[in-house]
Amino acid sequence: MFEERIKKMIDDADKLFRAEQKLKSIRVNTLKISREEIYERLRERFEVREMKWYENGFFVDGEISKTVEHYLGYYYIQEASSMLPPLALELDKNDAVLDLCSAPGSKATQMAMIMENHGVIIANDISMARLKALTHNIQKSGALNCIITNYDARNFYRTGLKFDKILLDAPCTTSGKIIKNKKIVENWNYRRVRYMSFLQKKLIKSAYYCLNKNGIVVYSTCSLEPEENEEVIDYAVKNFDFEVEKINFKGIKTRTGIKKWGDNEYEGAEKAIRIWPHDNLTEGFFICRLRKY
Ligand SMILES: C[S@@+](CC[C@H](N)C(=O)[O-])C[C@H]1O[C@@H](n2cnc3c(N)ncnc32)[C@H](O)[C@@H]1O
């Protein structure tokens, strides 16, 4: 059923099922080292390639988790497409940012780095176990502008706190990881897709109530399912004062969101972005930027 659905979404589904990712990707932690210095250090031991869509990203061939530089937090091993949602937020140094589902902190630490440790980031997650990894990663990265909280994000708006920018990197069925893990196809199940979609709508509703007027929420998932992506955006624009804004990424092939799915026609899909795994040999991602008006 998963494969049949994908074939209805794109014409080149066979390429997606065959795609494989050979290189690992890292994000330089400019809070601790410059991109030039880490590049010089790593290229003595590995084949290192620039990432066309992000100056602080590199692709590396080899075992990069057991280096001194990694232990010291000079770089973070992060999926290449997962570096994009924080960029879509267009962060200012002094923003008040909420990362609603933040563990283990790939994007929270990236945002701290982009903000050069200014402003404030509330890094929230529901899972105590995952908060341990988040705490570790925040400390290791040298991020000093993060406050860690442990709320169910569906209720975060009850704190009464308001933010300029919100990252909602939502829990999802992770089908975009198919390029790394073919078992995704075997384990796929539609009830889980529906459950996630239900949860994601609650989360985007909470994000709306946590935003200042004119504030931005970037909604992202690593799922390929329209129910978890375009359907959530459609729900958000039809029920709240949200408008979808265009995102411009350079150096990466993107496609627009899926406008029609079964009997549904989704609002906002044409401005949302899909990164299909086989287009850039990355994990799949869905990214949408919404402004509260
Ligand atoms: C896709 S992961 C987030 C990855 C993270 N943004 C990063 O870049 O490292 C989704 C996260 O949502 C958390 N989560 C699931 N349900 C939640 C809820 N109701 N409230 C807050 N966090 C939740 C999970 O524990 C998980 O850590």
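Above: the structure in question.
Since we're looking at a predicted model, the values are computed, not measured.

What counts, and at which threshold
Residues numbered from 1 in each chain as written. Predicted model: local features only at pLDDT ≥ 70, side-chain atom pairs only at ≥ 80, totals over all residues. Heavy atoms only, no water. Near = heavy atom within 4 Å. Polar contact = N/O pair within 3.5 Å; in protein donor to acceptor, adjacent residues only side chain to side chain. Nonpolar A, V, L, I, M, F, W, Y, C, P; charged D, E, K, R; others polar. Pairing = 2+ DSSP bridges. Helix = DSSP H or I, 4+ residues; strand = E, 2+ residues; numbered from the N terminus. Axes fitted to C-alpha atoms, helices over the stretch in contact; angles between N-to-C directions. Contact = heavy atoms within 4.5 Å. Salt bridge = Lys/Arg side-chain N within 4 Å of Asp/Glu carboxyl O. Buried < 20%, exposed > 50% of the residue type's maximum accessible area, 1.4 Å probe, protein only. Phe/Tyr/Trp six-rings, centres within 6.5 Å; stacked < 30°, edge-to-face > 60°. 1 Å grid on protein atoms, 1.4 Å probe; cavity = no way out; pocket = protein on both sides within 12 Å on 5 of 7 lines; lining within 4 Å. Points joined across faces, edges and corners; volume = space filled by probe spheres on them.

(A) Quick look at the site of the ligand. The immediate surroundings of the ligand are formed by 20 residues, with Asp125, Arg130, Asp152, Ala153 and Asp169 found nearest. A distance of 3.2 Å is found between a nitrogen atom of the ligand and a backbone nitrogen or oxygen belonging to Ile126. Between an oxygen atom of the ligand and a side-chain N or O atom of Arg130, the distance comes to 2.5 Å. Grouping the constituent residues of the shell around the ligand by class yields nine nonpolar, five polar and six charged.

(B) Fine view of the sheet that holds strand β2 (residues 47-50). Pairing within the open sheet is antiparallel, and its four strands lie in the order β2-β3-β1-β4. Of all the strands in the sheet, just β2 and β4 (75-77) have a single pairing partner and so form its edges. Taking the axes of each pair of neighbouring strands and ignoring which way they run, one obtains an average angle of 35 degrees across the sheet. Pairing of strand β1 (residues 24-28) with strand β3 (residues 57-61), which is carried by four bridges, proceeds in the antiparallel orientation. Bridge pairing links Ile26 to Phe58 in β3. Packed onto the sheet, helix α3 (residues 35-43) meets β1, β2, β3 and β4 and runs at close to 150 degrees relative to β2.

(C) Summary view of the pattern of salt bridges. Applying the stated criterion across every chain, the model contains 28 salt bridges. Among the salt bridges present, the one from Lys107 reaches Asp169, with a minimum N-O distance of 2.7 Å. Taken together, the positions of Lys107 in helix α6 (residues 106-114) and Asp169 in strand β8 (residues 163-169) put the pair 62 residues apart, joining distant regions of the chain. Exposure class is identical for Lys107 and Asp169. Each is buried. With a shortest N-O distance of 2.6 Å, Glu231 and Arg194 are connected by a salt bridge. Linking Glu231 in helix α10 (residues 230-239) with Arg194 in helix α9 (residues 190-210), this pair joins segments that are 37 residues apart in sequence.

(D) Region of the structure containing the side chain of Thr109. Relative to the assigned elements, Thr109 resides in helix α6. Setting aside residues no more than four positions away along its own chain, Thr109 makes contact with Arg27, Tyr76, Asn137, Ile138 and Ser141.

(E) The packing of aromatic side chains, seen in detail. Throughout the structure, instances matching the rule amount to 13 aromatic pairs. Taking 6.0 Å as the distance between ring centres and 55 degrees as the angle between the ring planes, the aromatic pair formed by Phe2 and Trp188 counts as tilted. Residue Phe2 is found in helix α1 (residues 2-9), and its partner Trp188 is found in the loop between α8 (183-187) and α9; the two are separated by 186 residues along the sequence. Take Phe2: its relative accessible area is 2%, and that puts it in the buried class. Using a relative accessible area of 13% as the deciding quantity, one classes Trp188 as buried.

(F) Looking closely at the layout of surface pockets. Considered as a void within the structure, the largest pocket measures approximately 690 Å³ in volume. Every residue lining the largest pocket is counted, 36 residues in all, and those nearest its centre are Cys101, Ala103, Pro104, Arg130 and Asp169. Listing elements by their share of the lining of the largest pocket, those giving two or more residues are β4, α6, β8 and α9. Here the residues of the lining of the largest pocket sort into 18 nonpolar, seven polar and eleven charged. Volume-wise, the second largest pocket comes out at about 240 Å³. Leu23, Arg49, Phe59, Asn280 and Leu281 are, among the 13 residues lining the second largest pocket, the residues nearest its centre. Split into classes, the residues belonging to the lining of the second largest pocket amount to five nonpolar, three polar and five charged.

(G) Here's a closer look at the environment of Arg154. Position of Arg154 relative to the elements: it lies in the loop between β7 (146-149) and β8. The partly exposed category is assigned to Arg154, whose relative accessible area is 31%. Along the backbone, Arg154 and Lys205 are 51 residues apart, and their C-alpha atoms lie at a distance of 7.8 Å. Sequence-distant contacts of Arg154, that is, excluding residues within four places in its chain, are made with Leu199, Lys202, Leu203 and Ser206. At a separation of 2.8 Å, a polar atom in the side chain of Arg154 contacts the side chain of Asp152.

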